[in-house]
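# Architecture and fold: a report
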Amino acid sequence: MSITYSTDQGVSMPRLRRRVAATCLRQVAQELGKELCEINYMFMLDEQLLSLNEQFLQHDYYTDILTFDAREEEDKPNVLRGDVAISIERVADNAKKMDVPYELELFRVMAHGVLHLCGLEDHSKEEAQHMRMAEDRALYLLQKELAGRSFIY
């Protein structure tokens, strides 16, 4: 399994506990019968993610995350490969709005990308509710793995 991280120009790399993230994200996928093979997280600013949203989805609005499935034809159906673009500005704003620590919101969004790759959607009210429950489960796994430590060091 390979999890890689990159940033766009002008963005500092979040100093997260990568091994903890990998353990929890792998477990999120496994609980849904999937194998996390390769995922690339790209951290960027609002305008950079807006540009991707317009280019690839023809959506003219800000979002916190875009997930791109990168599975190959020869991959087994349960294998996950993908690229996940995250706006660190949206994550910070959403954390403030929801009054949650930035680090937990960042991991929630990272897990959200994996959940999309697993096939979960969030277009309808019912789908969004199911997604939120899966995100809450991912946050539980993270907090259990951290055992009182911070996700961002």
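Overview of the structure. As a convention, each chain's residues are numbered from 1 in the sequence order in which they are written. Two thresholds apply to this predicted model, a pLDDT of at least 70 for residue-level local features and 80 or more for giving and counting side-chain atom pairs, whereas whole-chain, interface and lining totals are computed over all residues. Remark: hydrogens and water are excluded; side-chain values derive from all non-hydrogen atoms of the structure.

What follows concerns the nonpolar core. For the purposes of this section, nonpolar cores are sets of buried Ala, Val, Leu, Ile, Met, Phe, Trp, Tyr and Cys residues that join through side-chain atoms within 4.5 Å. When a residue's accessible area, from a 1.4 Å probe over protein chains only, is under 20% of the maximum for its type it is buried; when over 50% it is exposed; and in between it is partly exposed. Counting 40 residues, the largest nonpolar core has Leu25, Tyr41, Phe43, Ile86, Phe107, Met110 and Val114 as its most contacted members. Secondary structure elements are defined from DSSP: runs of H or I of at least 4 residues count as helices, runs of E of at least 2 residues count as strands, and each element is numbered from the N terminus. At the level of secondary structure, the elements contributing two or more residues to this core comprise strand S1 (2-7), helix H1 (18-31), strand S2 (35-44), strand S4 (79-87), helix H3 (88-98), helix H4 (102-117) and helix H5 (125-146). Ranked by the residues each element gives to this core, the list is headed by H4, at nine residues. By definition, residues are in contact when any of their heavy atoms lie within 4.5 Å. Excluding anything up to four places from it in sequence, Met110 contacts Tyr5, Leu16, Ala21, Leu25, Tyr41, Ile86 and Phe151.

A pair of packed helices is captured by two measures, namely the crossing angle of their axes and the spacing between those axes. Whenever a helix is involved, its axis is fitted only over the stretch in contact; in every case the axis is a line through C-alpha atoms, and angles between N-to-C directions fall within 0 to 180 degrees. The N-to-C vectors of H3 and H4 enclose an angle of 120 degrees; their axes lie 9 Å apart at closest approach. Taken together, the axes of H3 and H4 lie oblique to each other. Note that H3 runs across H4; the crossing there is right-handed. Residues Ile88, Val91, Ala92, Asn94, Ala95 and Met98 of H3 lie in contact with H4, whose contacting residues are Tyr102, Glu105, Leu106, Arg108 and Val109. Here the word oblique covers every angle except those under 35 degrees (roughly parallel), over 145 (roughly antiparallel) and from 65 to 115 (roughly perpendicular). In a left-handed crossing the near helix is turned counterclockwise from the far helix by less than a right angle, and in a right-handed crossing that turn is clockwise.

To continue, consider a negative patch on the surface. Patches draw on residues past 30% relative accessible area with no salt bridge. Two like charges within 9 Å are joined, as are two nonpolar side chains (Val, Leu, Ile, Met, Phe, Trp, Tyr) within 5 Å. With residues, only the protein chains shown are counted as cover, and all accessible areas are computed by Shrake-Rupley using a 1.4 Å probe. Each reported salt bridge corresponds to a side-chain nitrogen of Lys or Arg within 4 Å of a carboxyl oxygen of Asp or Glu. Positive charges come from Lys and Arg, negative ones from Asp and Glu, while His and the chain ends are left out of the count. Every charge is mapped to an atom, namely NZ of Lys, CZ of Arg, CG of Asp or CD of Glu. Taken together, the side chains of Glu47, Glu54, Asp60 and Glu89 define an acidic patch exposed on the protein surface. Of note, Asp60 is situated in the loop between helix H2 (46-57) and strand S3 (65-69).

Most of S4 sits out of view: eight of its nine residues are buried. Alignment of S2 against S4, held across nine bridges, turns out to be parallel. Counterpart to Tyr41 in the pairing with S4 is Val84. Paired strands, in this sense, are two strands between which DSSP finds at least two bridges. Where S3 lies against S4, five bridges are found, and the strand directions are antiparallel. Residue Leu66 lies in a different strand from S4, and its bridge partner there is Ala85.

With that settled, the discussion passes to H5. A helix is expected to reach a length of 1.5 Å times the quantity of its residues less one. In a regular helix each residue adds 1.5 Å, so 22 residues correspond to 32 Å; H5 covers 31 Å between its end C-alpha atoms and thus fits that length. Turning to H5, its buried residues are Met131, Ala134, Glu135, Ala138, Leu139, Leu141, Leu142 and Leu146. Buried residues in H5, looked at end-on, bunch into an arc of 160 degrees, giving them a common side. Pointing more than 90 degrees away from the buried face of H5 are the exposed residues Lys125, Glu126, Gln129, Met133 and Lys144. Ala147 lies just past H5 and shows a positive phi near 50 degrees. The arc under discussion is defined with respect to the helix axis, by the directions toward the C-beta atoms.

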